[in-house]
Structure formats: structure tokens, C-alpha cells
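Now for the letters of each chain:
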2 protein chains.
Amino acid sequence: MTLKRVAEIAGVSIATASRVLAGKGGAHRISEATVAAVTQAAEKIGFRHSHLARSLKSGQSALIGVVVPDVSNPFFAAIAREITLAAEAKGYSVLLADSREDDASERRLVQQLRDRHIEGLVVCPAGLKQDHLAAAQDAGLPLVVVDRGFADGDLLTVTSDHAQGARALAQVLLKAGHRHIGVLQGRPGTLVNDERLAAFKAALASDGVRLTAAHIAGDAFSEVSGRRAAATLLRAKPQITALFALSNQIALGALRAAAELGRVVPRDLSLATFDDLPHAEFMNPPLTTACQDVPALGRQAADLLFARLAGVPRPRTRLQRISVTVIERASVTAPSTRKATT
Amino acid sequence: MTLKRVAEIAGVSIATASRVLAGKGGAHRISEATVAAVTQAAEKIGFRHSHLARSLKSGQSALIGVVVPDVSNPFFAAIAREITLAAEAKGYSVLLADSREDDASERRLVQQLRDRHIEGLVVCPAGLKQDHLAAAQDAGLPLVVVDRGFADGDLLTVTSDHAQGARALAQVLLKAGHRHIGVLQGRPGTLVNDERLAAFKAALASDGVRLTAAHIAGDAFSEVSGRRAAATLLRAKPQITALFALSNQIALGALRAAAELGRVVPRDLSLATFDDLPHAEFMNPPLTTACQDVPALGRQAADLLFARLAGVPRPRTRLQRISVTVIERASVTAPSTRKATT
DNA sequence: ATGAAAGCGCTAACAA
DNA sequence: TTGTTAGCGCTTTCAT
């Protein structure tokens, strides 16, 4: 099934076969008879170009890499999908890797992808370190970071407008009359966490509500962290009437913790969250969320990457923001006067 | 950054550099000095083997393909993840493709992956045709179909025990006292749909409940289909007290339709579903489902594929079943006597 | 203990 | 209009 075989059958040289099959018959003024012979021979043995050989020869793999912390998380899956669809449309294939939220794995995977000659990379970093990514970029690899960016450094990043979302959610809670608010944070030190937290805090402060360290708990964007943090906060500060969960997973954990402590949402406790959950509207209760436009994140990342692959220079602004939509549902109500029991 | 460069720097031949870097220094009794020189040279310029060149030479790409109808669907995402993790553990990389539930796209993508010399393929088919897959398998490509199998043919398939789940769900509905039951089916002609439907029908029949064509609606495993089908059924047969949705998406559509028709689940209408939904327990109402073990589906598919890649012969039984767990939640209750209004 | 050379499948510059 | 040849980066026989 090689070009050589086709050439043999057609009784021409490999070069001629190559030219014909590349559609360059006209440009090279190859005789119709030859073209026909080659075409038929190729047809007959079901010839297909070896992408491998072509890549080696041309130096172009038409491959891009996508690295996410957890493919099965609908949030990352949606991003991966947009990139995949865009790639297919542009004639690229996608190498997918799952870092399992592990920095070391991510490093390994990125290296592995580079060894495979990817022409571009989209990554949602699992950790706080970016040197391996900076190295890749410095080595000339077009790179786009998505969702989890870094506050410093020089990596082109597509992420939501976390501050906007957090502020809006703060308004919702304040408007409802909450003054004792707890925050279930994700991983401190990450841009996503810190931006959301800072903006939320600032918004509360401008309304005279102070958010002390004692009102903040949690250490990861996970359900377990959310659950533990919620339990801690609700036990230590029973006067808390509303929780702000920095992610959907955290919110789920909060719902669990609330149920375990016998606090009914939203009757005894309001809950607002940054979301990536599909079907949040069908949840019990339907969650008030700052809804990220996940497909847009993926699409924008893909667009930026393919623009760079097409030679378009990097945009000036390093952090590309996708705006967030706050959807008010039933999980936030006015604080009840009922004294919570633990 | 090529072997040639390393050889130059180390002052040895390419062959020697290759041997050293392949860790075959010992086997070839290469002098320590040479080994050191090569190693240092490689280190110095950050040498990495070109996977491309290696693949071309060896004929082994260490690449597998995964094709699913929709990467962003948590069900397929979970399957893709398990395969990805297994692949990484075995030293393979994964080429991911999204067929967008489109048969023609799938064909194209499969071909594309084959052109890239994948060594194995896992696919969840989008359509009813399997000739392109059979062709790939006949061409010697190790292939595993996951979830959506075919009733006939010879493709090794990992799928849930649909009959078992459907029977169990039928029991639940019958036990609750339902006699007027509607089925919201997925795509007729697919193994998944037909097995679930047949088993459900049979289970009802053995209890004396007849399921006529007038009690069955729907044409796709999608929310829109579920919504339309539910609306149709509930309008045409208001006496229906329970619906069986053949998938989570369909169930979501059913919930919408029920809400639109003013029927409260489960008070006015019970709902049972085949599920792949995460967080079904937090839904309103929490859904009674036949819960598929999605990670197990992916894991089993990966295991079978890598076993074949390791030379283990294909198992005798073509259809590998993963058992399903019925979880009874609040969406099924005894039928109300209240006359439904449209 | 090391090197020369062939070849994996393909493309393209150069010849004819 | 077609063929010869070199070479992409690597591994591996076969020499030495």
C-alpha cells in the first residue's frame, strides 16, 4: 500500500506517482494516460498517503495537543470538544492528554506531545508552575492556556471574566440582604481562585460587609474540599446565611454538607456558585450561578491557536476574557431569621 | 536537535549516538567515555527522539484513535478519559475525534486516523452502518466498539446490559402500580435502543401490561426528541402515569415537557430513565435510573484493545456486557388518581 | 567498540 | 513529460 507499489503497478516512477496523486498532474503536464494509470493503480490497491512519512518529510505534523486536568469533567470536555471540532475543520488532528490534576503528569505529557511534533498546544494547567509551558513557548511552540491562567508570566491565556462574575454574584447576595457570607474557595494561588475571591471581597467591602479569613475555607476545586469547607464554616459560624462556592464541584460538596447539617437550601442557607454545571436549572434547588461560556472559552482558544498557526501575530493583550452571565435561580433568597442548629 | 547533531558534538557516528541514547551502551560494549560524551552532548542540546522518525522506521506509531459522537457529553467524555488514562499508562498517545453524531464525519475521521497509522481504535458509532468499521477490522486494525454496538456483524463490542437494566426499571414501575406507561425511545434500529425497548416490553408483558406502538415515541437520544416525544405521548394518552426515558438526555427533555404541560414529577407523573447523568441525585426530582457503569465501559474497552495490541486473541463473546445498577430515587411513586389536564 | 550504509514512505530540486 | 536522486531522523544489519 505504498507509493512504490502504486508506481510499480502503473509502470511509472515513484516521483510520477507522487505527483499525480498530489494532484499536480496538470502543473507537470503529465500525460492523461499516465494520470489514469496511476489513479487506477492507487484505486486498485486502496492507496493512502502515509501521514507519517509526509510529516517527516515536510516537517508538518498537522497535529495539535490538548492537555486538560480531567477529560471527564464536563467543563474540560466541552473545551476539548470545541478545540477538536475547530481542529478537524482546519485539517488538524488532536492528541488528547489527561493530566489528572497532576503537575508532574502534565509536564510529562507536554513533553510527550512535543516529541510527537505537535504544531500547537492548548493546555489547562493543573498546577501553579508554568516553567514547562514557558519553555515550550520559548522553543517556538504556539501555545494557548485556557481557563486556568497565571497572574504573571507571558502565556497567552483565555479565561473567564472572573472578577465580573464574582462581583455580580456578590450583588445578588447583598441585594437579598445577606451580611454573613462564607466563601468556599478553590485552590489558593490560582488565578481563577484569587480573582474570584478578590473581586467578591471587594464587592462586599464596598457595601460595608467584611470578609475575614474566618469566613473563607477550602483548598481545592473539588467536591470533597467544598463539602469539608462548608461543614467547617457552618459549624464555626452558624450565623452565616449564604455561601459562595467558587466552582460547581464545590457547590455540590456544599449541598452535601448542608444536607448533613440539616440546613435546607435555600430556606436556611443561600448558595451562589461559579458554574460549569450542565442542567443547573434542574438541580434541587436550581442554583444561582455565574455561568461561564465554556464553549466560547474553547472556541476562542482554538481560534487564537489556529490564527497563530496561520501566521497571525499574537494579540497584544495576554489575558483574553470571556464574559460571564449571572443567572439567578432559587438557591438564593433573603436570609431567614431562624437560628440554625448544628 | 537531531541525532546527527548529537553525534557531531560528541564526535561519534550517528549509529553510536543512537545506540547510547537507546540505552544499548552495555549490550554493544561501548566505552564509558563514548557513552559519557554522547550523553552530555544530548543533554547539552536537549536532544529528544523524533517520534515521527521512529514510527516511520519501526512501523509502530504508539498511537490509538478514539472516536465518539460528542466529546462534551459527560458519558462519552468519561469513556474517552478511561481510554486516555489507560493509553498513557501503556505508553500510547490518543488521537481524539468527534463525529458530531454524524455517520459521514465518522467515516472520514476513521479514515484520517488510519492514515495516521493508529495501532488500535475505539469507536462509539454514530450511525447504523458498520461497513467502514468492519473494513478497518478486516484490514487488521484492532478495533473495539463501545456503548453503541450492532446486533449483527463481527465487531468486538463493550456495552451495558441493557436488557437487565430495562427489566429492573420495568419492575420498579410495575411494583409502584403503574399500568399506563409510555416509553420515550432513542434512535430505533440501534442496539441500545432496541434492546432496552424489547426487554422493557417483555417485562411489562409478563405482568400483563401491554405496550403498544401508541405508547412509544421518540427518534433520537437527545433532549429535543425526549421533549417532543413526551409532549406527544402525554397529550395523546393523558392516562399515562409513568414514562420510561431511554437516556438521560431524553429524560431531561421529558422533564421540560412535563413542566410545560403542568404535570409535576413525580406527583402527576413518574419518570424512570437509563442514565449517564452525573449528579442525578441532586436533580429535582432525584431520578430513578438504571445507572450504567460508564468508567467500566471505557476501562473494559481499553483493556480489550490493549490486550489485543499485546497479542492476546480476541475473546470469544463478541458482546461484552457491563452490568447496570438500578437506583431508586424520588421520581417514581405510586400513580396518582388525579386526572391529568392538558 | 564503532562506523558505514540501507531503508522506512514520501517530496522536490534537478536532469533529461 | 518523466525519472533520478537526495534527504527528512531514526534504527539496525553488516563490516571492521
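The structure presented is a predicted model; accordingly, all values stated were derived computationally and were not measured. (Residues numbered from 1 in each chain as written. Chains lettered and ligands numbered in written order. Predicted model: local features only at pLDDT ≥ 70, side-chain atom pairs only at ≥ 80, totals over all residues. Heavy atoms only, no water.)

Side note on the protein's contact with DNA strand D
Close to DNA strand D lie 26 residues; A:Arg19, A:Arg29, A:Ile30, A:Thr34 and B:Leu3 are nearest. Atoms of DNA strand D within 4 Å of the protein: sugar and phosphate make up 62%, bases the balance. Between A:Ser13 and DNA strand D, the recorded distance is 2.8 Å, taken from a backbone N or O atom to a phosphate oxygen. Where the surface near DNA strand D is concerned, the elements lending two or more residues are α2 (14-21) and α4 (51-58) of chain A together with α2 (14-21) and α4 (51-58) of chain B. By residue number, the principal contributor to the surface near DNA strand D is α2(B), which donates four residues. Class assignment for the residues of the surface near DNA strand D results in nine nonpolar, nine polar and eight charged. (Near = heavy atom within 4 Å. Polar contact = N/O pair within 3.5 Å; in protein donor to acceptor, adjacent residues only side chain to side chain. Helix = DSSP H or I, 4+ residues; strand = E, 2+ residues; numbered from the N terminus. Nonpolar A, V, L, I, M, F, W, Y, C, P; charged D, E, K, R; others polar.)

Things to note about the packing of aromatic side chains
Aromatic ring pairs: the centre-centre distance and the angle between the two ring planes describe each pair. One pass over the full model with this rule turns up eight aromatic pairs over all chains. Ring centres of A:Phe244 and A:Phe274 lie 6.5 Å apart, and the angle between their planes is 45°; this geometry places the pair in the tilted category. Note that A:Phe244 is positioned in strand β8 (residues 242-245) and A:Phe274 in strand β9 (residues 270-275), a separation of 30 residues in sequence. Considered together, A:Phe244 and A:Phe274 belong to a single accessibility category, that of buried residues. Directly above the ring of B:Phe274 sits B:Arg196, whose terminal nitrogen or CZ lies 3.7 Å from the centroid. (Phe/Tyr/Trp six-rings, centres within 6.5 Å; stacked < 30°, edge-to-face > 60°. Buried < 20%, exposed > 50% of the residue type's maximum accessible area, 1.4 Å probe, protein only. Lys NZ or Arg CZ within 6 Å of the ring centre and 35° of its normal.)

Section: the interface of chain A and chain B
Counting from both sides, the interface comprises 46 residues of chain A and, opposite them, 46 residues of chain B. When the two sides are added together, the surface that chain A and chain B hide from each other amounts to roughly 4300 Å², 60% of it contributed by carbon and sulfur. Its largest share of buried area at the contact with chain B, chain A owes to A:Leu52, A:Arg116 and A:Phe282, together 18% of the area lost on that side. Between chain A and chain B we count six salt bridges in total. Two residues, B:Asp98 and A:Arg81, come together in a salt bridge whose shortest N-O distance is 2.7 Å. (Contact = heavy atoms within 4.5 Å. Buried area = accessible area lost by both parts, 1.4 Å probe. Salt bridge = Lys/Arg side-chain N within 4 Å of Asp/Glu carboxyl O.)

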